[in-house]
Amino acid sequence: SQKIEQNSEALNIQEGKTATLTCNYTNYSPAYLQWYRQDPGRGPVFLLLIRENEKEKRKERLKVTFDTTLKQSLFHITASQPADSATYLCALARGSARQLTFGSGTQLTVLP
Amino acid sequence: DVKVTQSSRYLVKRTGEKVFLECVQDMDHENMFWYRQDPGLGLRLIYFSYDVKMKEKGDIPEGYSVSREKKERFSLILESASTNQTSMYLCASTAPGEGLETQYFGPGTRLLVL
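Residues numbered from 1 in each chain as written. Chains lettered and ligands numbered in written order. Predicted model: local features only at pLDDT ≥ 70, side-chain atom pairs only at ≥ 80, totals over all residues. Heavy atoms only, no water.

### Details of the packing of aromatic side chains
A complete count under the given rule lists 13 aromatic pairs over all chains for this structure. Arranged with centres 6.2 Å apart and planes meeting at 55°, the rings of A:Tyr25 and A:Phe66 form a pair that is tilted. One end of the pair, A:Tyr25, is in strand S3 (residues 19-26); the other, A:Phe66, is in strand S7 (residues 62-67), with 41 residues separating them in the sequence. The interplanar angle of 85° and the centroid separation of 5.8 Å between the aromatic rings of A:Tyr36 and B:Phe105 together place this pair among those described as edge-to-face. In this pair, A:Tyr36 is assigned in strand S4 (residues 32-38) and B:Phe105 in strand S10 (residues 104-105), connecting two distinct chains. Here the two residues A:Tyr36 and B:Phe105 agree in accessibility, since each one is buried. Here the aromatic residues A:Tyr36, A:Phe46, A:Phe102, B:Phe33, B:Tyr35, B:Phe48 and B:Phe105 are joined through ring pairs into a cluster of three or more. (Phe/Tyr/Trp six-rings, centres within 6.5 Å; stacked < 30°, edge-to-face > 60°. Helix = DSSP H or I, 4+ residues; strand = E, 2+ residues; numbered from the N terminus. Buried < 20%, exposed > 50% of the residue type's maximum accessible area, 1.4 Å probe, protein only.)

### Considering the state of the cysteines
Residue and element names in this part refer to chain B. Per the stated rule, a full pass over the model turns up two disulfides over all chains. The side chain of Cys23 participates in a disulfide bridge whose partner is Cys91; the two sulfur atoms lie 1.9 Å from each other. Because the torsion about its S-S bond is -75°, the bridge between Cys23 and Cys91 counts as left-handed. Residue Cys23 is located in strand S3 (residues 19-25), and its partner Cys91 is located in strand S9 (residues 87-94); the two are separated by 68 residues in the primary sequence. Judged by its relative accessible area of 0%, Cys23 is buried. (Disulfide = S-S within 2.5 Å.)

Take a look at the structure:
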């Protein structure tokens, strides 16, 4: 069956460092992968999308890589700030309506 | 600005009650989704709809039904609420077509079934 794993439930890092989050999947051949941010008590907010033919995507301090051979995506936040503290979710699309399958998320805490 | 709203932020119901959760989007999106989110399990897809009056089961449809009578509105119905349906419920919408894959989420409804 299809499976998505985010390998850390929680990650603590020091302010200014680079946070790296991992998303692994099995039994998928996704056309694209997305990353979302979720704050407590709120719905997820879209951050980045990377397609299967793209190796890397950047947006300000965010960078996503996508390795379809390893079936893995890495999500980086450079120069992290306490305001980056949140849960980050990776998601893969499937089906005609592009319904998403989500990983369980990584809770990132950036310590001042 | 894109907006998805859900009828309630918090809801407390009794076992056996019929529960309606409503979602409205103002972006003229064709596709709408209902997820539930539980600690350690992430978001799981309950039902989705790709057009008015069309619905498809997601990964965990048991105990739920949906209704989409108008394009902007997608309702989730718990026919007879049970305690294992205590959860955070999230609605989302998106448009078809490349470049439009972002799912826009509502703020969520936290449902407690006693």
